[in-house]
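# Observations on the model geometry
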Amino acid sequence: TGLDALIKSKGKKYVGFATDQGYFSSSDTVNILKAEGGSVTAENSMKWDATEPSRGGFNWNGADALANFATQNGKQIRGHTLLWHAQLPQWVKNINDKATLTTVIQNHAAAVAGRYKGKVYAWDVANEVVGDGGGMRSDSIFTTVFRDWTFLDVAFRAAKAADPGAKLCLNDYNIDFSGAKLNTFVQVVKDLKSRGVPIDCVGTQTHTGIGSNNIANFGNVLNTLASTGTEVQITELDIAAPSTSITSAQLTQQRADYKSVVSACMRTSACTGITLWGVSDRATWITGRRPLLWDENFAKKPAYQGFVDGI
Ligand code: XIL
């Protein structure tokens, strides 16, 4: 029973959910995580601002809680994320020389990936590094200090040294449709591989909207991502309504959209797992736009059946 068991019965590795300590007091949420999921992603607790708020000063409270929940309940962990321009403490943003930033990335990856060594199925080593126009993201300390992609080499090599068994992923958004950003993303991964940098997987966040045109083309996108020769994971799936009112027609469309996304993964052998960015519409980062499979009262929505139909 449950989505995870169902997808595993069809040869995939997991269905997962983003969660964190704050949700563990909700028995409705916990029951769903246990029954329907095989993996958890730390929604916020493994990010840089949470784990290393001051240089060399680590806080493991939330990250340990997430890891312990996974261990106690037999769930895989997707680590999220070692390097990201957002939710990054000011002390990192203040660094303006490459040598210091290199050491800081190495120490951060060593500490965080090292602490959960052997427990993490896949790490989002780096998140959202490509700009929406297809260049390097301009508002990231990592790109402005390095001026090339080699900060990724530093991060992936450090993660590999810290946890050799974890799959190491590059994760991004707005690569769930064709265009310059997807092309650059694929090229960055191919270049990493050609430089001998350890990378095992790519993640498409896939925050999308009900009725989005992109969903029809999603199978092609997954094939393009698979052309990197790495595992492909859908890492942060949610499908939001355009506004805080949602019609029954939109709920029906949302069901069809979930089916389309999931079935595209099922058709793509490189696509190994799907993570939903939350459990219920009661608690989602897209407040009020009902993007998930369970409603505010933890009842299964038509979207849940769409997910099942896709498997
Ligand atoms: C979001 C969380 O869901 C929120 O709770 C937080 O306030 C902001 O970050 N892309 C990512 C995730 O990679 O880490 C983001 O998570 C959503 C967008």
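Bear in mind that the values here come from a model prediction, so they are computed numbers and not experimental data. (Residues numbered from 1 in each chain as written. Predicted model: local features only at pLDDT ≥ 70, side-chain atom pairs only at ≥ 80, totals over all residues. Heavy atoms only, no water.)

### Thoughts on the state of the cysteines
- Counted under the stated rule, the structure contains 2 disulfides.
- Two residues, Cys 169 and Cys 201, share a disulfide whose sulfurs are 2.0 Å apart. Given an S-S torsion of about -85°, the disulfide between Cys 169 and Cys 201 has left-handed geometry. With Cys 169 in strand S5 (residues 167-172) and Cys 201 in strand S6 (residues 201-204), this residue pair connects regions lying 32 residues apart in the sequence.
- Covalent S-S linkage joins Cys 265 and Cys 271, the inter-sulfur distance amounting to 2.1 Å. One quick way to see it: the torsion about the S-S bond of Cys 265 and Cys 271 is about -100°, and its sign makes the bridge left-handed.
- Accessibility expressed as a relative area gives 0% for Cys 265, which makes it buried.
- For Cys 271, a relative accessible area of 0% translates into the label buried.
- Listing the disulfide partners of the protein chain by sequence rank of the bonded cysteines yields 1-2, 3-4. (Disulfide = S-S within 2.5 Å. Helix = DSSP H or I, 4+ residues; strand = E, 2+ residues; numbered from the N terminus. Buried < 20%, exposed > 50% of the residue type's maximum accessible area, 1.4 Å probe, protein only.)

### Quick word on the site of the ligand
- In the neighbourhood of the ligand, 13 residues make up the surrounding shell, with Glu 43, Lys 47, His 80, Asn 127 and Glu 236 lying closest.
- Between the ligand and Glu 43, the relevant distance is 2.4 Å, taken from an oxygen atom to a side-chain nitrogen or oxygen of the residue.
- One of the side-chain nitrogen or oxygen atoms of Asn 127 is found 2.9 Å away from an oxygen atom of the ligand.
- For the ligand, whose free accessible area comes to 410 Å², the fraction covered by protein is 77%.
- Taken together, the residues that form the shell around the ligand break down as 3 nonpolar, 6 polar and 4 charged. (Near = heavy atom within 4 Å. Polar contact = N/O pair within 3.5 Å; in protein donor to acceptor, adjacent residues only side chain to side chain. Areas by Shrake-Rupley, 256 points an atom, 1.4 Å probe, with all protein chains shown as cover. Nonpolar A, V, L, I, M, F, W, Y, C, P; charged D, E, K, R; others polar.)

### Topic: the packing of aromatic side chains
- One pass over the structure, following the stated rule, counts 12 aromatic pairs.
- For the ring pair Trp 60 and Tyr 116, a centre distance of 6.1 Å and an interplane angle of 80° mean the geometry is edge-to-face. Here Trp 60, found in the loop between helix H3 (48-51) and helix H4 (61-73), pairs with Tyr 116, found in the loop between helix H6 (98-115) and strand S4 (122-127); they are 56 residues apart in sequence, far enough to count as distant. Pair check on accessibility: Trp 60 and Tyr 116 agree, each one buried.
- Connected via pairs of aromatic rings, a cluster forms that spans Trp 48, Trp 91, Phe 142, Phe 146, Trp 149 and Phe 151. (Phe/Tyr/Trp six-rings, centres within 6.5 Å; stacked < 30°, edge-to-face > 60°.)

### Re the packing of helix H11 (residues 248-267) against helix H12 (residues 302-310)
- Remark: H11 packs on H12, axes separated minimally by 7 Å, with the N-to-C direction vectors making an angle of 25°. Viewed along their axes, H11 and H12 adopt a mutual orientation that is roughly parallel. The hand of the H11/H12 crossing is right-handed. Residues Leu 251, Gln 254, Arg 255, Tyr 258, Lys 259, Val 262, Ser 263 and Met 266 of H11 lie in contact with H12, whose contacting residues are Pro 302, Ala 303, Gln 305, Gly 306, Phe 307, Asp 309 and Gly 310.
- Of the residues belonging to the contact of H11 with H12, the class tally is 7 nonpolar, 5 polar and 3 charged. (Axes fitted to C-alpha atoms, helices over the stretch in contact; angles between N-to-C directions. Parallel < 35°, antiparallel > 145°, perpendicular 65-115°, else oblique. Left-handed = near helix turned anticlockwise from the far one by under 90°. Contact = heavy atoms within 4.5 Å.)

### Observations regarding the nonpolar core
- Among the nonpolar cores identified, the biggest contains 93 residues, and Trp 123, Phe 142, Leu 152, Phe 156, Leu 170, Leu 225 and Phe 307 are the most heavily contacted of them.
- Among all residues touching Phe 142, those that are not within four sequence positions of it are Trp 48, Leu 83, Trp 84, His 85, Leu 88, Val 92, Leu 101, Ile 105, Arg 147 and Phe 151.
- Grouped together as the second largest cluster of nonpolar side chains are 5 residues, Tyr 121, Ala 122, Cys 169 and Cys 201 included. (Core = buried A, V, L, I, M, F, W, Y, C linked by side-chain atoms within 4.5 Å.)

### Some details on H11
- For H11, built from 20 residues, the straight-helix expectation of 28 Å at 1.5 Å per residue is met to within 8% by its first-to-last C-alpha distance of 29 Å.
- Among all positions in H11, only Gln 254, Asp 257, Tyr 258, Val 261, Val 262, Ser 263, Ala 264 and Cys 265 are buried. (Expected span 1.5 Å × (residues − 1).)

In short, geometric facts, not functional conclusions.
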